[in-house]
Amino acid sequence: MEDSAPPVSTPPSKPATGAKATIERFSAAVHRYTELFFEKLTTIVVYHPAVTIGLVFLFVVIMAQGVWFYKEELSPDKQFSPRSSQAVKDEDWVTSNFGYDNRPVQTMFEAKEGVNMLTKESLLFMMEMHEWLLSQWKIIDGKNVTYEVVCARYTKGDDCKIPVSVLTFWGHNRTRLEADADPLATINTVSWRSLEPSGPPLDSYLGSAVFDSRGALVSARATLISYNFKNEKVEISGIGTDDPQSRYFEIQIADDSEHRRKADEAAHGVGVYIRTTGQEDVEGSDSVSSDIGNLVMGYILMLIYASFILSRSRPKYSHSLLGIVSVISVGLSTFSAYGFCWYIGIKFNTVVQVLILVLLGVGVDDTFVIMDSWWDCAHIESMRERMIAAVKHAGPAVTITSVTDLIAFLAGSSSSLPALQDFCYYASVGIAFDFMFQVTFVVAVAYLDTVRQQQSRADVLCCIKVGDHTGVCLGSDEEKARWTEAERGLQNR
């Protein structure tokens, strides 16, 4: 009989020494004290869940008052140009010494295929639209605002700055244009530089221009008239700094032009488009507003996803309502972060609107971690003790992920781009609030949900009592007896 090989003994591992031992002791101490913190915090929460929920909502209401300090940065230059750059400093200096630049307003004419914008008929239509704009008047803040009110002037008391276009050849005067037998010949014989010695060249006001072999202008598919409006900026609630009279006059004439465009195209074969600073702001706001619908849809999808992940086949052991509460908690933390940042003077910008998407991923994941730990503690009978143990064990993991994200965004706040820097400020505050709400508000609701489970009530429809075995009312004692403790334990998973 062959001798059996002697057992191979594994030498005991040597204890860590030096720096490695110090790091291990420090890590163990941090983990131990973190668990201790969460044990004490959760004990308070589960013994006073209603008070915890009430305090969280009170905190949100207090943060919501930051809306009174709301300011939004609308200027793309100030959002995406470093605050310390020389260009921004130069712009601020020019503004403080000479005021804001004029607001450019352009009326653009686009002809249909085969239509020449340099014929007398087309030029007279341009003149008609020019006269139409000059004759407009709008009621803004109870005042009658006309072109004479909003036009830019070289100095106070001067006449309005003269618009520039191909109609400059006739001084934007209908009578002189009508008296010209051959407008195209006038364009080719009169020197543009004698009319506009320091401005852009003539072709800056023409589109798809065609020249003959001698360089003479033959036709153009598009033209524009360039106006200048005043730009006396003041603070406007919900908008930022802008000139209210010029802004709303621009928006209204652009809307009026939009309404008459089809008729103009049918009558003259020319489409008219008015491009203004105010209208561009409105278009940008409309684009952002349309994205809000996508954000809402994403929020709803996350509600459905979180509810599905935490649901179970038997209503008593399902926690889909907690998934909904988790997503609501993210919304509360986002709103609180907005309010806090408005309190301390951090301006809102278009990039910040996606903050809720960042917090959704972080916040809902924390709830999943806590509930996974809850299911692992199924051997603890007391619901209070089970919740305390679950949060105690999940706390370090939740803390590490939140602190990691917080540090990442705080590092991002060192960016030289103001929009990105401010977004990182908002995100850092939002992650901190989301962490706070997850370990207080969500844990309080989770404990109440376990009380609902202990009372054999259905998930969501907690007014309905259900049994362990079905989603309907409790059956007879014999039916209940069919389910073993092991089967019930499986339902807890």
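Refer to the structure printed above.
Residues numbered from 1 in each chain as written. Predicted model: local features only at pLDDT ≥ 70, side-chain atom pairs only at ≥ 80, totals over all residues. Heavy atoms only, no water.

S.K.: Looking at this structure, how should I read the overall build of the protein?
M.R.: Within the protein one finds 17 helices and ten strands. Split into buried and exposed, the 493 residues of the protein put 42% on the buried side. Contacts in the protein between residues at least 24 apart in sequence constitute 70% of all its contacts with a sequence separation of at least 6. As presented, the protein carries roughly 26,700 Å² of accessible surface, and 60% of it is formed by carbon and sulfur atoms. (Helix = DSSP H or I, 4+ residues; strand = E, 2+ residues; numbered from the N terminus. Buried < 20%, exposed > 50% of the residue type's maximum accessible area, 1.4 Å probe, protein only. Contact = heavy atoms within 4.5 Å. Areas by Shrake-Rupley, 256 points an atom, 1.4 Å probe, with all protein chains shown as cover.)

S.K.: In this structure, what is going on with the pattern of salt bridges? I would like to understand it.
M.R.: Pairing between side chains of opposite charge can happen when the charged atoms of each approach one another. In total, this model carries 13 salt bridges according to the counting rule given. We note a salt bridge from aspartate 449 to arginine 452, for which the minimum N-O separation is 3.0 Å. In this pair, aspartate 449 and arginine 452 both sit in helix H15 (residues 418-454), three residues apart, roughly one turn of the helix. (Salt bridge = Lys/Arg side-chain N within 4 Å of Asp/Glu carboxyl O.)

S.K.: How should I be thinking about the sheet that holds strand E1 (residues 103-111) in this particular structure?
M.R.: Strand pairing in a sheet relies on backbone hydrogen bonds. The paired strands run either parallel or antiparallel. Here we have four strands laid out as an open sheet, ordered E4-E7-E1-E10, and antiparallel in their pairing. The open sheet has two free edges, formed respectively by strand E4 (206-207) and strand E10 (270-275), since each of these has just one partner strand. Lying on the sheet, helix H5 (residues 120-135) is in contact with E1, strand E7 (222-229) and E10; it crosses E7 at an angle near 20 degrees. In this fold helix H10 (residues 244-268) packs onto E1, E7 and E10, with an angle of close to 170 degrees to the strand it touches most, E10. (Pairing = 2+ DSSP bridges. Axes fitted to C-alpha atoms, helices over the stretch in contact; angles between N-to-C directions.)

S.K.: Help me understand the packing of aromatic side chains in this model?
M.R.: Two aromatic rings are characterised by how far apart their centres lie and by the angle between their planes. Counted under the stated rule, the structure contains 23 aromatic pairs. For the pair tyrosine 338 and phenylalanine 348, a centre-to-centre distance of 5.5 Å together with 85 degrees between the ring planes defines the contact as edge-to-face. Of the two residues, tyrosine 338 is situated in helix H12 (residues 320-343) and phenylalanine 348 in the loop between H12 and helix H13 (355-376); the sequence distance between them amounts to ten residues. No difference in accessibility class separates tyrosine 338 from phenylalanine 348, as the two residues are buried. Among the aromatic residues, those joined into a ring-pair cluster are Tyr70, Tyr338, Trp342, Phe348 and Tyr426. One residue, arginine 32, lies across the ring of tyrosine 33, its end atom 5.4 Å from the ring centre. Sitting over the face of the ring of tryptophan 374, arginine 386 holds its NZ or CZ atom 3.7 Å from the ring centroid. (Phe/Tyr/Trp six-rings, centres within 6.5 Å; stacked < 30°, edge-to-face > 60°. Lys NZ or Arg CZ within 6 Å of the ring centre and 35° of its normal.)

S.K.: Would you explain unusual backbone geometry in this entry?
M.R.: Glycine aside, residues mostly have negative phi, and peptide bonds are mostly found in the trans state. Although it is not a glycine, histidine 172 adopts a positive phi angle of roughly 50 degrees. Within the fold, histidine 172 resides in the loop between helix H6 (147-150) and helix H7 (174-179). The exposure class assigned to histidine 172 is buried, which follows from its relative accessible area of 12%.

S.K.: How should the state of the cysteines be read in this particular structure?
M.R.: Disulfide: a covalent bond formed between the sulfur atoms of two cysteine residues. This structure, assessed with the given rule, holds one disulfide. Between the sulfur atoms of cysteine 151 and its disulfide mate cysteine 160 the distance is 1.8 Å. Since a negative S-S torsion denotes a left-handed disulfide, the cysteine 151-cysteine 160 link at about -60 degrees is left-handed. Residue cysteine 151 shares its accessibility class with cysteine 160, and that shared class is buried. (Disulfide = S-S within 2.5 Å.)

S.K.: Mind showing me how you'd approach the packing of H12 against H13 here?
M.R.: Working note: a packed helix pair is described by the angle between its axes plus the distance between those axes. Between H12 and H13, whose axes approach to 9 Å, the crossing angle comes to 140 degrees. In this view, H12 runs oblique relative to H13, as classed from their interaxial angle. For the pair H12 and H13, the sense of crossing is right-handed. Contacts between H12 and H13 involve Leu322, Ser326, Val327, Val330, Ser333, Thr334, Ala337 and Tyr338 from the first element and Leu355, Ile356, Leu359, Leu360, Gly363, Val364, Thr367 and Met371 from the second. Grouping the constituent residues of the contact of H12 with H13 by class yields eleven nonpolar, five polar and no charged. (Parallel < 35°, antiparallel > 145°, perpendicular 65-115°, else oblique. Left-handed = near helix turned anticlockwise from the far one by under 90°. Nonpolar A, V, L, I, M, F, W, Y, C, P; charged D, E, K, R; others polar.)

S.K.: Help me understand the side chain of serine 413 in this model?
M.R.: The topology assignment puts serine 413 in the loop between helix H14 (383-412) and H15. Taking relative accessible area as the criterion, serine 413 reaches 10% and is therefore assigned buried. Non-local contacts of serine 413, meaning those with residues more than four positions away in its chain, are made with Gln421, Cys424 and Tyr425.

S.K.: Could you clarify how one ought to interpret the side chain of lysine 138 in this entry?
M.R.: Turning to its location among the elements, lysine 138 is positioned in strand E2 (residues 137-140). For lysine 138, the residues in contact, after removing those within four places along its chain, are Lys143, Asn144, Val145, Phe249, Gln252, Ile253 and Asp256.

S.K.: Whenever I open this one, the environment of serine 122 confuses me. Can you help?
M.R.: Its place among the elements puts serine 122 in helix H5. For the pair serine 122 and glycine 269, spaced 147 residues apart in the sequence, the C-alpha separation amounts to 8.8 Å. Apart from the residues lying within four places of it in its own chain, the contact partners of serine 122 are Val115, Asn116 and Met117.

S.K.: Honestly, the nonpolar core in this entry has me stumped. Any pointers?
M.R.: Here is a general trend for soluble globular proteins: nonpolar side chains tend to be buried in one another's company. If you look at the biggest cluster of nonpolar residues, it comprises 59 residues, and the most contacted ones within it are Leu355, Leu360, Val364, Met387, Tyr426 and Phe441. Breaking this core down by element, the ones donating at least two residues are helix H1 (18-47), helix H2 (49-64), helix H11 (277-309), H12, H13, H14 and H15. Of the residues forming this core, the biggest block, 16 residues, is contributed by H15. Discounting chain neighbours no more than four positions away, the residues touching methionine 387 are Thr42, Val46, Trp374, Val443, Ala446, Tyr447 and Thr450. In terms of nonpolar packing, the next biggest core, distinct from the first, is built from 41 residues, Val105, Leu118, Leu133 and Cys160 among them. (Core = buried A, V, L, I, M, F, W, Y, C linked by side-chain atoms within 4.5 Å.)

S.K.: Honestly, the packing of H2 against H12 in this entry has me stumped. Any pointers?
M.R.: Relative to each other, H2 and H12 sit at 40 degrees, their axes nearing to 7 Å. Classified by the angle between their axes, H2 and H12 sit oblique to one another. Where H2 crosses over H12, the two elements pack in a sense that is left-handed. Across the interface between the two elements, Phe57, Phe59, Val60, Ile62, Met63 and Ala64 from H2 touch Leu332, Phe335, Ser336, Gly339, Phe340 and Tyr343 from H12.

S.K.: Can you help me understand a nonpolar patch on the surface in this one?
M.R.: Together, Val51, Leu55, Leu58, Ile62, Val67, Trp68, Phe69, Phe340, Tyr343 and Ile344 give the surface a local cluster of nonpolar side chains, amounting to about 1,000 Å² of exposed area. Elements supplying a minimum of two residues to the nonpolar patch: H2 and H12. With respect to the helices and strands, the residue leucine 55 is situated in helix H2. (Patch = residues over 30% accessible without salt bridge, like charges linked within 9 Å, V, L, I, M, F, W, Y side chains within 5 Å.)

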